[in-house]
Amino acid sequence: MVDTIAALRALYDPRTPWQRAWRGRHVEPFRRMLAGRPVVRALLPASFHPRWTADFLTVAPATPEPTFATELAAVGRLSDERIRADLRATRPEPLDAELLADGLTGQVVELLGWVWTHTVEPEWPERERRLRADIVARTAALSTGGWAGVFTDLNRNMRWLGDGRLQVNDYPEPPLSLDEAEQLVFLPAHCRRGWVVWDKPTRFGMVYPVRGILVDPTSPAPDGLARLIGANRANILARLDTPLSTSQLVVVTGLSLGTVSDHLRVLLDAGAVGKRRSGREVLYWRTPLGGALAAGG
């Protein structure tokens, strides 16, 4: 769901070059959809404020790995009045007449379903690999740098204040109180800037930009590194600044599965890469030693 909300925001108001490039592939069907839906046309500017997003779009996931269908169903259980209350909290001006009629929740569900089906779901396998790779990399960083390093890396304005308080941005509002929290999750998404999701007072989550959106899969390995450890092995190591699976390395290097596996085994034995299982795949990434080799090549 957070990737779907990020896609909706990019369709409505792209802020970075990669979002504008992605939007170019989907904007015309999006505009045609809006042309026949006056309620949705009124809903979008009411839902997104420069500093806030309406709460019905930022519901924390109820399970560790929910499906889009279960998250969409949670939105569908909200009442029309709840949706309107969230819109009024986001933008204090009076709501457009289109947003006062019955069936508003259904319009929200149809909008999110359209964005998922037409823009996110066709790309989901690659998106999911990138998201899982980010989780693996940050989990490894957590084991070495602790929570303080994790917060700083996610958002330079986020910091733990102690006593159950988390500062999530640089706005003048008070810190987020987690005194009654039973769940705090961190959710990577294909977004420009993260946001908070919640189901107060027990479930909270932090959405943050996933790494690797702008990774160039064709970048060559440094010549010095290739002379030191061999061209193919250097080629693999150069690409592991973000975690990749064996199958992904086969695609970006053009090497066979057996060749990639053999080189990964050597790099693992040398301590230049680490690995961790994520779902059905094993992901590999550069260790500090591997990073030093790639940088010094």
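Overview of the structure. (Residues numbered from 1 in each chain as written. Predicted model: local features only at pLDDT ≥ 70, side-chain atom pairs only at ≥ 80, totals over all residues. Heavy atoms only, no water.)

1. Some points on the sheet that holds strand β5 (residues 195–199)
Then comes step 1: As summarised here, the arrangement of the 3 strands in space is β4-β6-β5, forming an open sheet in which the pairing is mixed. Taken across any chain shown, the strands that pair with only one partner, and hence form the sheet edges, are β4 (183–189) and β5. Neighbour-to-neighbour, the strand axes of this sheet turn through a mean angle of 20 degrees, independent of strand direction.
Then comes step 2: Two strands pair when backbone bridges link them, and β5 and strand β6 (residues 203–209) are joined in this way by 5 bridges, in the antiparallel orientation. When the bridges of β6 are listed, Val 196 appears paired with Met 206.
Then comes step 3: Seen against the sheet, helix α1 (residues 2–12) touches β4, β5 and β6 and runs at an angle of roughly 135 degrees to β5. (Pairing = 2+ DSSP bridges. Helix = DSSP H or I, 4+ residues; strand = E, 2+ residues; numbered from the N terminus. Axes fitted to C-alpha atoms, helices over the stretch in contact; angles between N-to-C directions. Contact = heavy atoms within 4.5 Å.)

2. Concerning the packing of aromatic side chains
Then comes step 1: Counted by the stated rule, this structure contains 4 aromatic pairs.
Then comes step 2: Centroid distance Phe 30 to Trp 114: 6.0 Å. Interplanar angle 50 degrees. Geometry classified as tilted. Separated by 84 residues along the polypeptide, Phe 30 in helix α3 (residues 27–35) and Trp 114 in helix α7 (residues 104–120) bring together distant segments of the chain. The pair formed by Phe 30 and Trp 114 is uniform in burial state, with each residue classed as buried.
Then comes step 3: Linked through ring pairs, Phe 68, Trp 116 and Trp 124 together constitute an aromatic cluster.
Then comes step 4: One Lys or Arg, Arg 9, reaches over the ring of Trp 195 and ends 5.6 Å from the middle of that ring. (Phe/Tyr/Trp six-rings, centres within 6.5 Å; stacked < 30°, edge-to-face > 60°. Buried < 20%, exposed > 50% of the residue type's maximum accessible area, 1.4 Å probe, protein only. Lys NZ or Arg CZ within 6 Å of the ring centre and 35° of its normal.)

3. Thoughts on the sheet that holds strand β9 (residues 281–286)
Then comes step 1: Taking strand neighbours across the sheet as the criterion, the 3 strands line up as β7-β9-β8 in an open arrangement whose pairing is antiparallel. The open sheet terminates on both sides in strands that have one partner only, identified here as β7 (244–245) and β8 (273–278).
Then comes step 2: With 6 bridges connecting them, β8 and β9 associate as antiparallel partners. Within β9, the residue paired with Val 273 across the bridge is Arg 286.
Then comes step 3: Sheet contacts for helix α12 (residues 257–269): β8 and β9; angle to β8, the most-contacted strand, approximately 115 degrees.

4. Describing the pairing of β9
Successive residues of a regular strand alternate their side chains across the two faces of the sheet.
Then comes step 1: Summarising the sheet, β7 and β9 pair through 2 bridges and their orientation is antiparallel. Looking across to β9, one finds that Leu 244 is bridged to Tyr 284.

5. Concerning the packing of helix α5 (residues 68–76) against α7
Then comes step 1: Two elements in contact, α5 and α7, have axes whose closest approach is 9 Å; the angle formed by their N-to-C orientations is 160 degrees. In terms of orientation, α5 and α7 fall into the roughly antiparallel class. Note that α5 runs across α7; the crossing there is right-handed. In this structure, α5 uses Phe 68, Leu 72, Val 75 and Gly 76 to contact α7, whose residues at the interface are Thr 105, Val 108, Val 109, Leu 112, Gly 113 and Trp 116.
Then comes step 2: Here the contact of α5 with α7 is built from residues that sort into 7 nonpolar, 3 polar and no charged. (Parallel < 35°, antiparallel > 145°, perpendicular 65-115°, else oblique. Left-handed = near helix turned anticlockwise from the far one by under 90°. Nonpolar A, V, L, I, M, F, W, Y, C, P; charged D, E, K, R; others polar.)

6. Observations concerning the environment of Phe 68
Then comes step 1: With respect to the helices and strands, the residue Phe 68 is situated in helix α5.
Then comes step 2: We classify Phe 68 as buried; its relative accessible area is 11%.
Then comes step 3: Excluding residues that lie within four positions of it along the chain, Phe 68 makes contacts with Met 1, Thr 4, Leu 112, Gly 113 and Trp 116.

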